[in-house]
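# Analysis of the macromolecular model
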Amino acid sequence: MSTCTDSNEERNIWNWKSRFVSLICHYSLELSHTMRGSRGFKLKDRCKTTQVHAYNPSSETSTSNPFPFPISKLHFPTINSILQESADSTISLSTAEAFLPYGLPRTDSFEPPLELCLKSVDFVESLAELYRKIQMTQDFDKSLVYLEQYALLCSLGDPKLLRRCLQSARQHAVDVHSKVVLSAWLRFERREDELVGSSALDCIGRVVECPNAALLHGYDPNSVFDHCLCSNQISHFGNNFLSSESEEDGLVCFCIGNEEVNCIRGKIAALSAPLKSMLYGNFIESDKQRIDFTHVGISADGMRAVDFFTRTRRLDSCSPNVLLELLSFANRFCCEEMKSACDCYLASLLSDIDEALVLIDYALEERAHLLVASCLQLMLRELPGYLYNPKVLNTFCSSEARERLATVGQASFLLYYFLSQVAIEDNMMSKVTVMLLERLKECANARWQKALAWHQLGCVLLERKDYKEAQHCFEMAIEAGNIYSIVGVARTKLKQGQRFLAYELINDIITKYKPTGWMYQERSLYSLGKQKILDVNEATRLDPTLSFPYKYRAIAMVEDCQIEAAVAEINRIVDFKVSPDCIELRAWCFIALEDYQSAIRDIRALLTLEPNFMMFHGKMRADHLVELLSQHVQPWSPADCWMQLYDRWSFVDDIGSLAVIHQMLINDPGRSVLRFRQSLLLLRLNCQKAAMRSLRLARNHSTSKYEKLVYEGWILYDTGHREEALAKAEESISIQRSFEAFFLKAYALADTTLDSESSSYVIQLLEEALKCPSDGLRKGQALNNLGSIYVDCNKLDLAADCYVSALEIKHTRAHQGLARVYHLKNDRKAAYEEMTKLIDKAQNKASAYEKRSEYCDRDMANNDLSMATQLDPLRTYPYRYRAAVLMDDQRETEAVEELTRAISFKPDLQMLNLRAAFHESMTDFSRALQDCEAALCLDSNHKDTLDLYSRTRIQARQNT
């Protein structure tokens, strides 16, 4: 027995030695690949072959997906280390599998999404052309031109700019249909439907979004931003009309079943030519005193209402059912005046979506234009909530439905543009989205409309893997003038196995047009080997705001087991442009590094941006992954969370602060003040859509009226309604004095050029705010704002006191204000040192480098601004400063090139204005005019650009 046991032990030892030799061979091969920089083996595959740190004999026959954790530097283990660690490594591997059940992403498994908007190969030229088009178009025809502007500017992703386009389109709308759609679109952009207790017909108090004003035909652009009169409902149409007829013409009796209705013959005849012919013409009824109307389709009550209308021109005593009978009667006998009155009155009575869903078919059948518009308004203002209601779908989606709407003037490109954008945002791949885009295509007339409709339909079909149809759509979009749709054709060819043809298509664009970042990014999808990474790097050089190149390089590093370097690569873009896909990738990397605390931080931030986010290509709920990871980190108590929040806030760690607040909200989801803090952080990160959602949740969870008013005020302020926000703040203060109400009022008032009296009032409001209870985070902000007002009033000592007080409660950004005070006191050294303190403390420090550059000599300033650009390429001041320095040194061409490089990926108003001024000084008037026109397309009221544009036009005419 013992001999057998000894024999087995010797056999086991021999097996282990054999496996170790095999492992050494595999590891040597792996090391040689690593030293050559080969990416032939994926990280996942390497760990299948080596299994050095997590060796499990059973894995040789397993078909499961093992993972390379823990990952460490390459070294050769001993037999004893393998034997000793095998059991522990098996447990570690199973934990890793739970966290990364679908593995890590691979470079060949992802690609950047296509942009759904119009994308010009020369954006500045397109802006300039559009501005000239706006100027040449008559005012009452401008609405659709502003819609085109909206479509073009969508690529910039600026919600405020897009909202301004929609407001301008609404301002110049003439017909009821356009007004209804645009006012509903503006409401949708504010997502007012998410406010608990709101109604579809609620009005913010301005004509531009007023549902009642939208039902009034006519053009009055000057009053569209005035206050509306919602309390005065639409007139009861004809209430003040008095009859001038007498009863001399005699009576006529209409018999309806067993009932008789006596009417004045002349008044009934006056309703329409057919009735006049019947009662006074050659028909037999002209000689009758009693006429049978039993089969006409009107009840006795309906006929009495007809009689009442002929006498008084009033309908206000009629029930809705009777009004519908009158509408049908008016259609049958061509009584246009009565039909119009019924149409208008019924439209004014509609109050909710259920009524609209009942009446829409009847209104379409009777061709009651205003009633249809009123029904559509209620449907549109309830989006996206009612998008998939069967009645709503029947009203909009089919070709027949569009044709029915067209018969009453209620089908348009504008309508289906709005509907399709709602559908795309809700579910891009749904059949409803496809149907609405088909209708959009049918309504398209102008070239830009056709290009947009075909391109968006192509994008949706590509996502649905209908490659041939998608390719056809993209080709039609190209034919309509959208060069960017070539990217769509290339993608469809790639999906159909035609990589070389796809490469040639994109290469042709690069050859024909001035290269931009997205062109090289796209070509990298079809390149191979070294050319691929060259294209990706060139894309970043031309446009550092594109996220795909950073993600590609990071994943390539992961495949080479350089996960720390991958995190650093992703940080390069996350530090200035937060997006869910990049945050998700960084979380994956942290899990791979077993840094679960950092992974949880990123996933919580991700859930703040998108509460229902699905990890691992949509295969696992992000909140479930947080639960799994939380079991491996030390839990925080509520007190710990507040301490962590203060620390992260003071270190200007916005993503970390978001994560802490998300954890606090899990334990206390109804805490509206935390939702509000969340919205402030999101705005700081330029995540405006998520910020507005947090604000709405803060309002919905408010337990008091005064608090709810404050959050409603912030929502109004952030959507451009400053006066309404002030009114909310004042109403809140009248109920209860609170920090947030005073702060809101002060902030809104300070958002204008302040004279000394206004500044004093803002100071008073901030002082009142500081007297009210609040936490240190908000009081620090109030002290910082108060210091800024004191500086503007040249009260530097008081300003310094405010900033010092803010710093004492860890409001780190107050260093910047204090530096400004030192600078104004001619102490640049102290100002520089103060900004250095901010740089040392802040995690997000690009703005601090930019500001510090103002307090040092030119060389040091250039260094700081270079660092600012490296950390955040979207900051425009460094480009403008460097260009101005080059211009001062008479290096004009280089100055223009410095601005041109930045404008290519961020067409900023200030940079366009400065480049126009450079062109003017170089007597290149045509380019100067083009830059001015592009800038004015972004802001038509920018005074400096208007002055430069006027001056340059005069000089251009003088030189021709």
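The rules behind these values
Residues numbered from 1 in each chain as written. Predicted model: local features only at pLDDT ≥ 70, side-chain atom pairs only at ≥ 80, totals over all residues. Heavy atoms only, no water. UniProt positions renumbered as here; feature names shortened; annotations may be inferred. Phe/Tyr/Trp six-rings, centres within 6.5 Å; stacked < 30°, edge-to-face > 60°. Helix = DSSP H or I, 4+ residues; strand = E, 2+ residues; numbered from the N terminus. Buried < 20%, exposed > 50% of the residue type's maximum accessible area, 1.4 Å probe, protein only. Lys NZ or Arg CZ within 6 Å of the ring centre and 35° of its normal. Pairing = 2+ DSSP bridges.

Per an unreviewed UniProt entry, the protein carries the name Ethylene-overproduction protein 1 and comes from Nicotiana attenuata. Note on the protein: under the UniProt heading Pathway (unreviewed entry), the record states "Protein modification; protein ubiquitination."

Time to look at the packing of aromatic side chains. Under the counting rule described, the total for this entry stands at 26 aromatic pairs. Aromatic side chains Phe-110 and Phe-548 sit 5.1 Å apart centroid to centroid with 45° between the ring planes, which places their arrangement in the tilted category. Of this pair, Phe-110 sits in the loop between α3 (79-99) and α4 (123-136) while Phe-548 sits in helix α25 (residues 547-559), placing them 438 residues apart in sequence. Assigned by exposure class, Phe-110 and Phe-548 land together as buried. Pairing Trp-714 with Tyr-717 gives two aromatic rings, centres 5.9 Å apart and planes at 85°, and the pair type is edge-to-face. Taken together, the residues span about one helical turn, with Trp-714 and Tyr-717 both in helix α35 (residues 705-718) at a distance of 3 residues. Tyr-717 carries the same exposure label as Trp-714, and that label is buried. Here the aromatic residues Tyr-150, Trp-185, Phe-188, Phe-413, Tyr-417, Phe-418 and Trp-448 are joined through ring pairs into a cluster of three or more. Directly above the aromatic system of Trp-649 lies the positively charged group of Arg-684, at a separation of 5.1 Å from the ring centroid. Geometry around Phe-743 places Arg-778 over its ring, the cationic atom sitting 4.5 Å from the centre.

Bringing the pairing of strand β1 (residues 251-256) into the picture now. Taken across its 6 residues, β1 has 5 buried, putting it largely inside the fold. The pairing of β1 with strand β2 (residues 259-264) spans 6 bridges and is antiparallel. For Leu-251, the partnering residue across the bridge sits in β2 and is Ile-264. Joining the antiparallel neighbours β1 and β2 is a turn of 2 residues, in which Gly-257 adopts a positive phi near 65°. Direction of pairing for β1 relative to strand β3 (residues 290-292): parallel, over a ladder of 3 bridges. Its bridge partner being in β3, Cys-253 is matched across the sheet by Arg-290.

Moving on, we come to unusual backbone geometry. Along the chain, Leu-383 connects to Pro-384 via a cis peptide bond; the corresponding omega equals 5°. Examined against the element boundaries, Pro-384 turns out to sit in the loop between α14 (369-381) and α15 (390-396). For Phe-616, which is not a glycine, the phi torsion comes out positive at approximately 55°. Its place among the elements puts Phe-616 in helix α29 (residues 615-618).

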